[in-house]
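Letter by letter, the chains look like this.
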Amino acid sequence: MVYKSLVLWVTTDCNLNCKYCYAHGGKIQNYMSFETAKKAIDSIGNFPLKIQFAGGEPLLGLDLIEKVCSYVEERKNTTLHIQTNGTLIDERFISLVKKYNIKLGLSMDGIPEINESQRGNTKKLMDGIHKLKERNIFININSVVTKDSIEHLTKLYDILFIMGNVRGMALDLLRNTGRAKENSNICLIPEEKQ
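What counts as what
Residues numbered from 1 in each chain as written. Predicted model: local features only at pLDDT ≥ 70, side-chain atom pairs only at ≥ 80, totals over all residues. Heavy atoms only, no water. Phe/Tyr/Trp six-rings, centres within 6.5 Å; stacked < 30°, edge-to-face > 60°. Helix = DSSP H or I, 4+ residues; strand = E, 2+ residues; numbered from the N terminus. Lys NZ or Arg CZ within 6 Å of the ring centre and 35° of its normal. Salt bridge = Lys/Arg side-chain N within 4 Å of Asp/Glu carboxyl O. Buried < 20%, exposed > 50% of the residue type's maximum accessible area, 1.4 Å probe, protein only. Pairing = 2+ DSSP bridges. Core = buried A, V, L, I, M, F, W, Y, C linked by side-chain atoms within 4.5 Å. Contact = heavy atoms within 4.5 Å. Arc of directions from axis to C-beta. Axes fitted to C-alpha atoms, helices over the stretch in contact; angles between N-to-C directions. Parallel < 35°, antiparallel > 145°, perpendicular 65-115°, else oblique. Left-handed = near helix turned anticlockwise from the far one by under 90°. Nonpolar A, V, L, I, M, F, W, Y, C, P; charged D, E, K, R; others polar.

(A) Structural detail: the packing of aromatic side chains. On inspection of all chains with the given rule, the structure shows two aromatic pairs. Relative to Tyr71, the ring of Phe34 lies with its centre 5.8 Å away and its plane at 85°, an arrangement referred to as edge-to-face. Remark: Tyr71 occurs in helix 2 (residues 62-72) and Phe34 occurs in helix 1 (residues 34-42); sequence separation between them is 37 residues. Measuring from centroid to centroid gives 6.3 Å for Tyr157 and Phe161, while their planes differ by 20°, and the two rings are stacked. Of this pair, Tyr157 and Phe161 both sit in helix 6 (residues 153-163), four residues apart, which is roughly one turn of that helix. Above the plane of the ring of Phe138 lies Arg167, whose end atom (NZ or CZ) is 3.9 Å from the centre.

Shown next, in the form of structure tokens:
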């Protein structure tokens, strides 16, 4: 079955200040309205649909996510996905994930020490992963690869394997854009070659 993909940028707001955020997350704090999300969904028609909630940090707009999930609940062939930094996982969010069978991607950009230096709030991320594991919720990890993290990818893989609820890991090569331009020493590819 072929799905149409719809990415809903829930917000540009973020609770982190990552060294290489391509969108300068948190500087501008715009939030999508339900009316905008509804129009985007309705424009797809009756095609099978994959909705990806993104941001900034989409969990800052959890009210919108909940409204969208409820709105598409009766729609056939719709899958829901969230890419989050994992630091705001609480019981309300976990209940939504369970109720609507939301697929999760969490960002962890290296072993804990590297993640802490590049993103911050690693303890909250790890706590979130453990809360999800306790509720038998499986996740995927997306990891931005930098000069600092590339040497430790196998260690990161080992950590994720031990956690027990990580089904996959995707690697995203850091691009010299957004805040990365201010921290170009962590980019793998020099700016002129990108």
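(B) Representation of the pattern of salt bridges in the model. Summed over the entire model, instances satisfying the criterion amount to six salt bridges. One salt bridge in this structure joins Asp127 and Lys123, with 3.0 Å as the shortest N-O distance. Of this pair, Asp127 and Lys123 both sit in helix 5 (residues 122-134), four residues apart, roughly one helical turn. Put simply, Asp63, Glu66 and Arg92 are held in one network by salt bridges that share partners.

(C) How the structure looks around the pairing of strand 5 (residues 139-145). Across the seven residues of strand 5, five count as buried, placing the element largely inside the fold. Taken together, the four bridges between strand 4 (residues 103-107) and strand 5 define a ladder with parallel strand orientation. Bridge pairing in strand 5 places Leu106 opposite Ile141. Strand direction decides the pairing type here: strand 5 and strand 6 (residues 166-173), joined by seven bridges, are parallel. If you follow Ile141 over to strand 6, its bridge partner there is Met169.

(D) Layout of the nonpolar core. In terms of nonpolar packing, the biggest core is built from 42 residues, with Ile51, Phe53, Ile102, Leu104 and Leu106 touching the most fellow members. Among the elements that make up this core, the one with the highest residue count is helix 2 (six residues). Ignoring sequence-local partners within four residues, the contact set of Leu104 consists of Ile82, Phe93, Val97, Leu132, Ile137, Ile139 and Asn140. Formed by six residues, the second largest nonpolar core is a distinct cluster that contains Tyr20, Ala180, Ile186 and Cys187.

(E) Molecular detail of helix 6. When helix 6 is considered as a whole, its buried residues turn out to be Leu153, Leu156, Leu160 and Met163. Down the axis, helix 6 shows its buried residues gathered within 75° of arc, on one side only. Along helix 6, exposed side chains directed more than 90 degrees from the buried face belong to Thr154, Phe161 and Ile162. In this structure, the buried residues of helix 6 make contact with helix 5, strand 5 and strand 6. Just beyond helix 6, the residue with positive phi is Gly164, at close to 90°.

(F) Quick peek at the packing of helix 2 against helix 3 (residues 91-100). Closest axis-to-axis distance for the helix 2/helix 3 pair is 11 Å, and the angle between their directions is 15°. With respect to helix 3, the axis of helix 2 lies roughly parallel. Crossing angle aside, the handedness with which helix 2 passes helix 3 is left-handed. Residues Leu62, Asp63, Glu66, Cys69 and Ser70 of helix 2 touch helix 3, and the partners they reach there are Arg92, Phe93, Leu96 and Tyr100. Split into classes, the residues belonging to the contact of helix 2 with helix 3 amount to five nonpolar, one polar and three charged.

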